[in-house]
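Listed below are the residues making up each chain.
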Amino acid sequence: MQSPTIDPAKADLNYHHTATVDAHHEEHPDHRIFGLLVFLVAEGMIFMGLFGAYLAYRSTLPVWPPEGTPELELLLPGVNTINLIASSFVIHNADSAIKKNDVQGTQFWMAVTAAMGITFLVGQVYEYTHLEFGLNTNLFASAFYVLTGFHGLHVTVGVLAILAVLWRSFKKGHYSNEHHFGIQAAEIYWHFVDVIWIILFGLLYLL
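Residues numbered from 1 in each chain as written. Predicted model: local features only at pLDDT ≥ 70, side-chain atom pairs only at ≥ 80, totals over all residues. Heavy atoms only, no water.

### Observations concerning the layout of surface pockets
To keep things clear, this is the line we draw: Grid points spaced at 1 Å over the protein atoms alone were grouped into cavities, where a 1.4 Å probe fits but cannot get out, and pockets, open sets with protein on both sides within 12 Å along at least five of seven lines, with lining residues defined by an atom within 4 Å of a point. Grid points are joined across faces, edges and corners, and a volume is the space filled by probe spheres set on the points. Charged means Asp, Glu, Lys or Arg here, nonpolar means Ala, Val, Leu, Ile, Met, Phe, Trp, Tyr, Cys or Pro, and polar covers whatever is left, Gly included. Helix and strand assignments come from DSSP, with helices taken as H or I runs of at least 4 residues and strands as E runs of at least 2, each series counted from the N terminus.
If you add up the space inside the largest pocket, you get close to 280 Å³. Split by residue class, the lining of the largest pocket holds 8 nonpolar, 1 polar and 4 charged. Approximately 210 Å³ is the volume attributed to the second largest pocket. In terms of lining residues, the second largest pocket is bounded by D30, R32, R168, H174, Y175, E178, H179, H180, F181, G182 and Q184. Broken down by element, the lining of the second largest pocket gets its largest block of residues, 3 residues, from helix α6 (residues 181-206).

Structure (structure tokens):
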């Protein structure tokens, strides 16, 4: 059987096309992580504005929280805080696993992180249903719901992002030690959510 001949002109064209694509990638490096960091800086500025407003409200009143405000319970929020901090270490294990091409390990740690995030949200909803003040009770109550609710929205987005990464990981070859932006992005975002909650917990529950 006669082997097929290769057209030198086509081979040369393919070579130049590959070289052009490689050069294009070199000229336009991947800036997605940088874009994510810029986005998180913007989100952080929003939170800093809310924190600043909260501290300003607190400084204008002689008694904080205002008289008559029921005292916040610390047990459930404390457990939620430990859960969220631990989840940051868990999601880091997912990133470490994919760098070793351990896709199954990544899937396991991502699933655990998502479960911990959902547990945090369930705990927050439970706390809301048992609080003895409402959104319009006083200034502290309004600030409490705005701060924790806005953070809860970010946790929800983070959980959805983690579940999306987990779903995509079941597509063979989608993530590897060389291509794992989705996993990195989810991890960075989750760390951001964690840090914001630590600040929130200190302001609302401890100070």
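### Quick word on the packing of aromatic side chains
How we decide: Any two of the Phe, Tyr and Trp rings considered here, Trp counted by its six-membered ring, make a pair once their centres fall within 6.5 Å; the pair's planes then place it as stacked at under 30 degrees, edge-to-face at over 60, or tilted in between. Burial classes: relative accessible area under 20% of the type maximum marks a residue as buried, over 50% as exposed, and values in between as partly exposed (1.4 Å probe, protein chains only). Over a ring means this: the NZ of a Lys or the CZ of an Arg is within 6 Å of the ring centre and within 35 degrees of the ring normal.
Going through the model one piece at a time under the given rule, you end up with 17 aromatic pairs. Relative to W197, the ring of F120 has its centre 5.0 Å away and its plane inclined at 85 degrees; by these criteria the two rings are edge-to-face. In this pair, F120 is assigned in helix α4 (residues 103-130) and W197 in helix α6, connecting sequence segments 77 residues apart. In this structure, F120 and W197 share a single accessibility class: buried. Put simply, the rings of Y54, W64, F120, Y128, F133, F140, F144, Y145, W197, F201 and Y205 pair up and form one aromatic cluster. Directly above the aromatic system of F181 lies the positively charged group of R32, at a separation of 4.1 Å from the ring centroid.

### Some details on the nonpolar core
Considering soluble globular proteins, one finds that nonpolar side chains tend to be buried as a cluster. Selection rule: Buried Ala, Val, Leu, Ile, Met, Phe, Trp, Tyr and Cys residues form a nonpolar core when they are joined through side-chain atoms within 4.5 Å. We call two residues in contact whenever any of their non-hydrogen atoms come within 4.5 Å of each other.
One finds Y54, M110, F133, F140, F144 and L204 to be the most contacted residues of the largest nonpolar core, which totals 43 residues. Going through the elements one at a time, α2 (32-60), α3 (75-98), α4, α5 (139-169) and α6 are the ones with two or more residues in this core. Among the elements that make up this core, the one with the highest residue count is α6 (14 residues). Residues within four places of M110 in sequence aside, it is in contact with I91, A94, I162, V165, L166, I183 and A186.

Keep in mind these numbers describe shape, not what the thing actually does.
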